[in-house]
Every structure is written in C-alpha cells, then in structure tokens.
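What the coordinates show
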Amino acid sequence: MIKRKQEMRIEPRFEVKGGRGGYDSTHIFEQSEVAKTTLFAVNTLPPGSSIGVHPHQEEGEAYIVLSGKATVTEDGQDYLLGPGDAEYCTGGHTHGIANDSDEPLAFLAIIMR
C-alpha cells in the first residue's frame, strides 16, 4: 500500500497519559489499514511536551526517534535517545516520552497487538 503524505490524517493531541502540553500525531496508516496494529504514526512533540508514563499489558509499543532528543522513561529509569535510537515497551512494563530540549522531537510510534 502506498500512502502519500497529504493523505495522512493529522490529529492534535493534548496532555496524553498525564503528559505535558500538546503535539501532532500524523497517522501514517490507520488501524483499519494495518493488521494487528492500533497506531502507526509520527508524533511531533514541541519543546516541553510529553506523553506521561503509562503501562502496556496485551500490546506493545515501539518508539523510534527520527529527529531531536527524547527522554524516555522505561520502568522508572530515564534514558536519553537520539535519531535512530529505539525503545520497545511490552506487557507488564511502563514507558513515557518527553521533549526536554529546545528543539522539536519527532518519533515514530507503533502499537502492536
């Protein structure tokens, strides 16, 4: 399946999972377009924004940093990730992501069942 950028839905989101501020989520593919995937989107967090720490049980979520710097909290420990770095959270674990820098943070988020 080919999908052009102008065909992708952009969803503004705010204070997700108890995080700070808002960000845009560009849905590359919708849930109905990809099997076993509930989210396939590039999220762009402005400086100072975050997605709060949250658990995953029956599904896993991968973060792949595309640009900027991310502070990823995984199971209570903070990690600094840059472009090309990735994190995967699955059943029984927690994670969150924050942009504590002065540049926008863009990352690919994929939630799989």
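To keep things clear, this report deals only with the structure shown in the data block.

Cut-off values and rules
Residues numbered from 1 in each chain as written. Predicted model: local features only at pLDDT ≥ 70, side-chain atom pairs only at ≥ 80, totals over all residues. Heavy atoms only, no water. Helix = DSSP H or I, 4+ residues; strand = E, 2+ residues; numbered from the N terminus. Rg over C-alpha atoms; globule rule 2.2 N^0.38 Å. Buried < 20%, exposed > 50% of the residue type's maximum accessible area, 1.4 Å probe, protein only. Contact = heavy atoms within 4.5 Å. Areas by Shrake-Rupley, 256 points an atom, 1.4 Å probe, with all protein chains shown as cover. 1 Å grid on protein atoms, 1.4 Å probe; cavity = no way out; pocket = protein on both sides within 12 Å on 5 of 7 lines; lining within 4 Å. Points joined across faces, edges and corners; volume = space filled by probe spheres on them. Nonpolar A, V, L, I, M, F, W, Y, C, P; charged D, E, K, R; others polar. Pairing = 2+ DSSP bridges. Axes fitted to C-alpha atoms, helices over the stretch in contact; angles between N-to-C directions.

Next up on the list: the overall build of the chain. Helices and strands together make up the secondary structure of the chain, namely 0 helices and 10 strands. Relative to the 2.2 N^0.38 estimate, which gives 13 Å for 113 residues, the radius of gyration of the chain is 13 Å and therefore close to what a compact globule would have. Projected onto its principal axes, the C-alpha positions of the chain cover 35 × 30 × 25 Å. Among the 113 residues that make up the chain, the fraction classed as buried is 43%. When contacts within the chain are restricted to residue pairs at least 6 apart in sequence, those whose partners lie at least 24 apart make up 62%. Taken as a whole, the chain presents about 6,400 Å² of accessible surface, with 52% of it coming from carbon and sulfur.

Taken as a whole, the largest pocket holds about 180 Å³ of empty space. What lines the largest pocket is a set of 13 residues, among which Arg13, Lys17, Leu39, Glu61 and Ile111 lie closest to the centre. Secondary structure elements with two or more residues in the lining of the largest pocket: strand E3 (37–45), strand E4 (50–56) and strand E5 (60–67). It is E4 that provides the largest number of residues to the lining of the largest pocket, a total of 3 residues. Class assignment for the residues of the lining of the largest pocket results in 6 nonpolar, 3 polar and 4 charged.

Read across the open sheet, the 6 strands follow the order E1-E2-E3-E10-E5-E8; overall the sheet is antiparallel. With partners counted over all chains shown, the strands left at the sheet margins are strand E1 (9–14) and strand E8 (86–89), one partner each. Each adjacent strand pair in this sheet contributes to an overall mean axis angle of 25°, direction not counted. Direction of pairing for E5 relative to E8: antiparallel, over a ladder of 4 bridges. For Tyr63, the partnering residue across the bridge sits in E8 and is Glu87.

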